[in-house]
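Architecture and fold: a report
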Amino acid sequence: MLKTVKDMNLKGKNVFLRVDFNVPMEDGVVKDDTRIREALKTINYIVEQGGKLALGTHLGRPKGEKNLKYSLKPVVDYINSKGYFKAVFVEDCIGEAVEKAVNSQSEGTVLVLENLRFYNGEEKNDPEFVTALAKPFNAYVNDAFGTCHRKHASVYGIPSVMDEKGAGLLIEKEATYFDKLVKSPEHPFAAILGGSKVSDKIGVIKSLLDKADIILIGGAMAYTFLKYNGLKIGISRVEDDQMDTVKLIYEKASQRGVKILLPVDHTISATFGGAPVYCETADIADGMMGLDIGAKSIENYKNALSTCKTVLWNGPMGVFEQDDYAIGTYALANHLASLGITVVVGGGDSVAAANKAGVADKMSHISTGGGASLEYIEFGSLPGIDILR
Ligand code: AMP
């Protein structure tokens, strides 16, 4: 059982909450505050329960050095300008500055500590850094799902040394969906896998071969599969060094009776992002590259998905950033939204695609973690969540 904030007595406690405020910034301005808004439920809950709250997060990649380009100060200003909560910036994440701020914290305010990755000890999970980070606090909550695959000090180190700990409401929701997906999905269970590389997703594919009934392949990844099957792929993106992996995938799929569907037609072009041409066969002419799945493939995939009760979607079907090559991705997004079945969208580009298609709110669950969601499926849990159990 995963212990959550709801199982904790937070009244009067000094709570360290690990959040993921690694928001996109441009010239010191927050460009997208989804990650902040996603943490608000847990923040408000802890404050309502009478916990004295401090938030810890990383921002960007300062690589263990204090670099004000990655300071949390503009994020704190942004939070206050939006009125999300009364945020007080603390100019360090360990030491005297934090202790002073915690001791003089006024009711209803939330401390936001400076970037955890200004210290090497964060990513190294250095015991001395963990002790310093944990020192002012007597309760720990993690709501940063996107970092739970990392054994960092603020994710793994503190909960290893603190007894009073639990998951935030966002992690609780993520874990509920992914647990169900990896342990007891309702069948038929389809996985839609797209995006750029087979090599990035080998672990997930292997694990899905044990669980799913159908795997639909799209994106650049499809061309490696098509080439393995002896089809012509022109100058499409391909990973020639992954043919043995694909062979193993087919062997395992045939042992378990998992169906693997590939595109049977495409939208192609002579250059990346050039004028789109319809290719009605699975074979692609010399000098042309596949950039999206075609109309017949879309129909095949829609028909296969209509028979399913659970779908995991990871990765776009084409170069969805360009309208000419977003048709397959959007068609599947809209279809998934209409089915009324469990659809889990696993992080990264598929989330952007669901948002762009305007159907994000119709999916059962949109994960906040790209790498974390893939590792959850591959390993059945994540270190940052296991340590809270
Ligand atoms: P990933 O990060 O692995 O999910 O890959 C997402 C990226 O794959 C997106 O930026 C897409 O534009 C890209 N992509 C999808 N289909 C293709 C394709 N057929 N050729 C090249 N890139 C693609």
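Check the entry above for the structure.
Attention in this report is confined to the structure presented alongside it. In this text the structure is predicted, and so the values were computed from the model without any measurement.

The number of helices and strands found in the protein is 15 helices and 17 strands. Taken over the C-alpha trace, the protein has a radius of gyration of 23 Å; the compact-globule value for 389 residues is 21 Å, and the two agree within 12%. Principal-axis analysis of the C-alpha atoms gives the protein an extent of 70 × 45 × 35 Å. Here the protein, with 389 residues, has 56% of them falling under the buried criterion. Taking all contacts inside the protein whose residues are at least 6 apart in sequence as the whole, residues at least 24 apart take part in 72%. Total accessible area on the protein is roughly 16,500 Å²; 49% of this is exposed by carbon and sulfur atoms. Computing the positive centroid from 44 side-chain charges and the negative centroid from 49, the protein places the two 3 Å apart.

Within the structure, the ligand sits among 14 residues, and Ser 196, Gly 290, Gly 318, Glu 321 and Asp 349 are positioned closest to it. For the ligand, an oxygen atom lies 3.4 Å from a polar atom in the side chain of Asp 349. Protein burial of the ligand: of its 510 Å² of free accessible surface, 83% is covered by the chains. Here the shell around the ligand is composed, by residue class, of six nonpolar, five polar and three charged.

What follows concerns helix 14 (residues 370-379). One turn of an α-helix holds 3.6 residues; hence residues three or four places apart share an orientation. All of the buried residues along helix 14 are Ala 372, Ser 373, Leu 374, Tyr 376 and Ile 377. Where helix 14 is buried, its residues meet helix 7 (169-183), helix 8 (202-209), strand 15 (310-314) and helix 15 (383-386). Remark: Gly 380 follows helix 14 within two positions and exhibits a positive phi of approximately 85°.

This part takes up the sheet that holds strand 6 (residues 109-113). In space, the six strands of this open sheet follow the order 5-6-4-1-7-8, with parallel pairing throughout. Either end of the sheet is taken by a strand with one partner, and the two such strands are strand 5 (86-90) and strand 8 (165-167). Across the sheet, the axes of successive neighbouring strands diverge by a mean angle of 25°, strand direction being ignored. Two strands pair when backbone bridges link them, and strand 1 (residues 14-18) and strand 7 (residues 139-142) are joined in this way by four bridges, in the parallel orientation.

Analysis parameters
- Residues numbered from 1 in each chain as written.
- Predicted model: local features only at pLDDT ≥ 70, side-chain atom pairs only at ≥ 80, totals over all residues.
- Heavy atoms only, no water.
- Helix = DSSP H or I, 4+ residues; strand = E, 2+ residues; numbered from the N terminus.
- Rg over C-alpha atoms; globule rule 2.2 N^0.38 Å.
- Buried < 20%, exposed > 50% of the residue type's maximum accessible area, 1.4 Å probe, protein only.
- Contact = heavy atoms within 4.5 Å.
- Areas by Shrake-Rupley, 256 points an atom, 1.4 Å probe, with all protein chains shown as cover.
- Lys, Arg positive; Asp, Glu negative; His and termini not counted.
- Charge placed at Lys NZ, Arg CZ, Asp CG, Glu CD.
- Near = heavy atom within 4 Å.
- Polar contact = N/O pair within 3.5 Å; in protein donor to acceptor, adjacent residues only side chain to side chain.
- Nonpolar A, V, L, I, M, F, W, Y, C, P; charged D, E, K, R; others polar.
- Pairing = 2+ DSSP bridges.
- Axes fitted to C-alpha atoms, helices over the stretch in contact; angles between N-to-C directions.

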